[in-house]
Every structure is written in structure tokens, then in C-alpha cells.
Amino acid sequence: MFSPFSLLHWHTSLDPQLKLRIRSPVDAFSHHRIASHDVLISSGLQGDGLWLELRGTTLYSPFSGVFSRKNQTGQSIQFSHSSGLKLVLDFPLYCQDKHGVGFHWLVNEQTNVQAGQQLLHYDKALLSQPGQSFGLFLRIAPHPKIHSIHCRAGYHQALQDDLLAIQLVSA
């Protein structure tokens, strides 16, 4: 169920030639979106991206920019860089049913943040569903300057490991 028009390419390691990199905002294992138990995510209806199986309990800002969120439940979290790059994160849809319980926000809904800043502590035990790994869906919003997005499957340590490498369109 891979999209033939996907900009996302999976690798065992990221090409050092690709200089535009985004660090992981969480401690997690990255998987193709199909690994998610959330129907919207695995079906591709939310776009092409990575399923991050969470290991830690904190979300950090991957770069300096504007952080926004739609509500207390973690749906439609977005990081906007001054270059126009937008990184979107979504917790599973069932988290909305918790009405914000299990999320401890450290910043307001529309805030300028610095790279590495702590934004959220989440309670995995409270938010997880039985028999399913808890995670979030990460994608980069379409941008005309992006040629391709490269990612590496495996474990990523928050703020230490590159999660994505972006190849820009040649001028």
C-alpha cells in the first residue's frame, strides 16, 4: 500500500550529502504508517508519513519556530519554520476521547519555541490501548521546494538522532 507519488523514501541510513535534516522530537522507533493501528493513519487518509512508536514521555521542538496545536488532546500539532517548512504530528484519534487527560502541556497553543524546548509530557500508560503500541504520526506538509524526504527505520533518540533528511528541488 505504498503510494507511487510519495516523496518519502525509507533507508537503512541517511545519506550524508543531504544537509537539511530534522532531529527526532521524541524517543521512538520509526515505522511506515501502515504499522499504526489507527485506521485514518494506516489507510493513508492523513497523508504519507512515519508512525513513531513512542518510547519516551516527552515531546521536544525539533527546530526553532512557531508551535501550534488545535486542542488539549494533541491532534494537529504543527511546527512551522521561518523557511515555510511545516512538520505535523498527530496522536491517535482515540486520544480525543480522553479530553486532555494524559497530556501535560508545557507551552501555550500558539507559541514561538526554540529547538530542543520541552513542549509536552504525555502519560503512555494512560493513553495506550490494550495490545497496541502507543505512538504518533509525523508528516511534512507539502512544499514546492521539497523534492524528496528520506527517513531511516529504527530507533531514534530525541534531539540526538536525525529522523528525516530533505532533498530540495534543484534551481
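Residues numbered from 1 in each chain as written. Predicted model: local features only at pLDDT ≥ 70, side-chain atom pairs only at ≥ 80, totals over all residues. Heavy atoms only, no water.

**Some details on the packing of aromatic side chains**
We describe a pair of aromatic rings using the distance from one ring centre to the other and the angle between the two ring planes.
At step 1: All told, the structure shown has 9 aromatic pairs when counted by the stated rule.
At step 2: Where F67 meets W105, the ring centres are 6.1 Å apart and the plane angle is 40 degrees; that geometry is what we call tilted. Of this pair, F67 sits in strand β6 (residues 65-68) while W105 sits in strand β9 (residues 103-105); the two residues are 38 residues apart in sequence, bridging distant segments of the chain. An identical accessibility class is assigned to F67 and W105; each is buried.
At step 3: Linked through ring pairs, F63, F67, F79, F91, F103, W105, Y122 and F134 together constitute an aromatic cluster.
At step 4: One Lys or Arg, R69, reaches over the ring of W105 and ends 4.1 Å from the middle of that ring. (Phe/Tyr/Trp six-rings, centres within 6.5 Å; stacked < 30°, edge-to-face > 60°. Helix = DSSP H or I, 4+ residues; strand = E, 2+ residues; numbered from the N terminus. Buried < 20%, exposed > 50% of the residue type's maximum accessible area, 1.4 Å probe, protein only. Lys NZ or Arg CZ within 6 Å of the ring centre and 35° of its normal.)

**Brief notes about the nonpolar core**
At step 1: Counting 36 residues, the largest nonpolar core has F91, Y122, L138, I140 and L164 as the members making the most contacts within it.
At step 2: Of all elements in the fold, only β4 (50-54), β7 (77-80), β8 (86-90), β9, β11 (118-122), β12 (135-140), β13 (146-152) and β15 (162-168) reach the threshold of two or more residues within this core.
At step 3: For L164, the residues in contact, after removing those within four places along its chain, are L8, L14, L20, R21, I22, L50, L87, L138, I140, I149, H150 and C151. (Core = buried A, V, L, I, M, F, W, Y, C linked by side-chain atoms within 4.5 Å. Contact = heavy atoms within 4.5 Å.)

**Brief notes about the pairing of β8**
At step 1: The element β8 is largely enclosed, with a buried count of 4 among its 5 residues.
At step 2: Alignment of β7 against β8, held across 4 bridges, turns out to be antiparallel. Looking across to β8, one finds that I77 is bridged to L89.
At step 3: Pairing of β8 with β12, which is carried by 4 bridges, proceeds in the antiparallel orientation. (Pairing = 2+ DSSP bridges.)

**Considering unusual backbone geometry**
The phi torsion of most residues other than glycine is negative, and most of the peptide bonds are trans.
At step 1: Notably, L159 is not glycine yet its phi reads approximately 65 degrees, a positive angle.
At step 2: Mapped onto the secondary structure, L159 falls in the loop between β14 (154-156) and β15.

**Details of the side chain of S24**
At step 1: Looking at where S24 falls in the secondary structure, it is placed in the loop between β2 (20-23) and β3 (28-32).
At step 2: Relative accessible area serves as the criterion here: at 0%, S24 is assigned to the buried category.
At step 3: Within the structure, S24 has its side chain in polar contact with the backbone oxygen of V26 (distance 2.6 Å).
At step 4: Not counting the four nearest positions on each side in its chain, S24 is found in contact with H156, Q157, A158, L159, D161 and L163. (Polar contact = N/O pair within 3.5 Å; in protein donor to acceptor, adjacent residues only side chain to side chain.)

**Quick look at the confidence of the model for the protein**
At step 1: For the protein, per-residue confidence averages 82 on the pLDDT scale, and residues scoring 70 or more make up 85% of the total.
At step 2: Within the protein, no element has a lower average pLDDT than helix α1 (residues 39-43), which sits at 53, and none a higher one than strand β5 (residues 58-60), at 96. (pLDDT = per-residue confidence, 0-100.)

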